[in-house]
Amino acid sequence: MIDFIQTTLDGLSIGSAYALIALGFTLVFGVMRRINLSYGPSIMLGAFAGTWAFVTLEAQPWLVAVVTIAGTVAVGMYVERLCFWAIRKDAAIASMVSSFVIWMQLEEVATILLPGRTYPYPELFKFGGIDIGPYFLRMEHVTTLAVAMFMLVVLRLLLYRTRFGLALRAVSESSEAAVYMGISPVRITFWAFVFASFIGGVAGYLLLAADQQVTPYFGLWATFKGLIAMMLGGLGSIPGAIVGGLLLGVIEAHTQWYLGNAVKDLTAYLVLFLVLVLRPGGLLGQGIVERHAQAFRRI
């Protein structure tokens, strides 16, 4: 039982990072109903900017965090202008394909700037973790879990307690109707991308500070983990992104403990397949799917 609880705690800790990445995917998808495939590579390029500052300038960890987050936000703005603002709203496939092209572009830029395959990343804490009875918790994972919960609260308050949140939800429901209400969908979408990129930069920093290294494959890894967590929790659901990320982390941790690392990803894909078959909208997104279906039938 001790091993089971410890593995669950490890899964929740790792899953909190997945949840943060899924939050960024969900925020963009909830506004535009489009998938940004270059979201993970944007985080990767921001992380490369951070590790460049660490290796070249011997920057302190706090400055590496600032550079990583600022770099991710800057790349996110670039992606939004090139793939989503410049392409019509009804051309969802074109924007998704263009974001994939930008993904390849960002990976090439990263490998040109830092041609090595692996680079060091500064650790967040000098001490390893804390012991609670027979259980051990790494401080990086505890911090990531706390940040994920904080981001969830901030997003809920932003969406349901501010004028910006009201405008964002209006654009999500109908950008045409939002225009008649005096809301600029272009401006709202831009700031949604900025906020999602900020969340991604925070997630990337916390993940890499725990691993203490970064590679060009981090973008691919972050994209897959974020998309799986978002689809598990429910497309367009903010709480679902948190639940999906935590669930994915727990599933992977237990699979690795009981069956080995070789089948960890395979089990995650199998669980995703079963969830989408039984609940196409995800664990907490079924209500969103049913609401859109009713609106379509009324039309």
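Everything below is about the structure shown above.
Residues numbered from 1 in each chain as written. Predicted model: local features only at pLDDT ≥ 70, side-chain atom pairs only at ≥ 80, totals over all residues. Heavy atoms only, no water.

Membership of the largest hydrophobic core comes to 77 residues, with the highest contact counts inside it found for L20 and L23. In terms of residue count, helix α8 (residues 185–211) provides more of this core than any other element does, 14 residues in total. Beyond its immediate sequence surroundings of up to four residues, L23 is in contact with M151, L155, I199, I238, A241 and I242. (Core = buried A, V, L, I, M, F, W, Y, C linked by side-chain atoms within 4.5 Å. Buried < 20%, exposed > 50% of the residue type's maximum accessible area, 1.4 Å probe, protein only. Helix = DSSP H or I, 4+ residues; strand = E, 2+ residues; numbered from the N terminus. Contact = heavy atoms within 4.5 Å.)

It is worth spelling out the packing of aromatic side chains at this point. Taken as a whole, this structure holds nine aromatic pairs when the rule is applied. Between the aromatic rings of F195 and F198, the centroid separation amounts to 6.5 Å while the plane-to-plane angle is 20°, which identifies the pairing as stacked. Residue F195 and its partner F198 are located together in helix α8, separated by three residues, close to a single helical turn. Taken together, the ring pairs in this structure connect Y18, F218 and W221 into an aromatic cluster. (Phe/Tyr/Trp six-rings, centres within 6.5 Å; stacked < 30°, edge-to-face > 60°.)

Here E252 lies in helix α10 (residues 238–259). The exposure class assigned to E252 is buried, which follows from its relative accessible area of 4%. The residues contacting E252, other than those within four sequence positions of it, are Y18, K225, K264, D265 and A268.

On to the layout of surface pockets. Space inside the largest pocket adds up to approximately 710 Å³. Looking at the lining of the largest pocket, the elements with two or more residues in it are α1 (2–32), α5 (139–161), α8, β4 (213–214), α9 (218–233) and α10. A per-class count over the lining of the largest pocket returns 13 nonpolar, nine polar and seven charged. (1 Å grid on protein atoms, 1.4 Å probe; cavity = no way out; pocket = protein on both sides within 12 Å on 5 of 7 lines; lining within 4 Å. Points joined across faces, edges and corners; volume = space filled by probe spheres on them. Nonpolar A, V, L, I, M, F, W, Y, C, P; charged D, E, K, R; others polar.)

Before going further, it helps to examine helix α4 (residues 92–113). With 22 residues, α4 extends 31 Å from end C-alpha to end C-alpha; this agrees with the ideal 32 Å at 1.5 Å per step. Every buried residue belonging to α4 is among S95, S98, S99, I102, W103, L106 and A110, and all of these are buried. Viewed end-on, α4 has its buried residues packed into an arc of 165°, placing them on one side of the element. Exposed residues lying more than 90 degrees from the buried face of α4 are I93, E108 and I112. (Expected span 1.5 Å × (residues − 1). Arc of directions from axis to C-beta.)

In this section: a nonpolar patch on the surface. Residues M1, F4, I5, W257, Y258 and L259 make up a contiguous nonpolar surface patch of roughly 720 Å² in combined accessible area. When contributions to the nonpolar patch are tallied by element, the ones reaching two or more residues are α1 and α10. Of the residues forming the nonpolar patch, the biggest block, three residues, is contributed by α10. Within the secondary structure, W257 sits in helix α10. (Patch = residues over 30% accessible without salt bridge, like charges linked within 9 Å, V, L, I, M, F, W, Y side chains within 5 Å. Areas by Shrake-Rupley, 256 points an atom, 1.4 Å probe, with all protein chains shown as cover. Salt bridge = Lys/Arg side-chain N within 4 Å of Asp/Glu carboxyl O.)

Two elements in contact, α5 and α10, have axes whose closest approach is 10 Å; the angle formed by their N-to-C orientations is 165°. When the interaxial angle is binned, α5 and α10 end up roughly antiparallel. Remark: the crossing between α5 and α10 carries right-handed chirality. Facing α5, whose interface residues are L145, A148, M149, L152, L155, R156 and L159, α10 presents I238, P239, I242 and L246. Residues belonging to the contact of α5 with α10 are distributed by class as follows: ten nonpolar, no polar and one charged. (Axes fitted to C-alpha atoms, helices over the stretch in contact; angles between N-to-C directions. Parallel < 35°, antiparallel > 145°, perpendicular 65-115°, else oblique. Left-handed = near helix turned anticlockwise from the far one by under 90°.)

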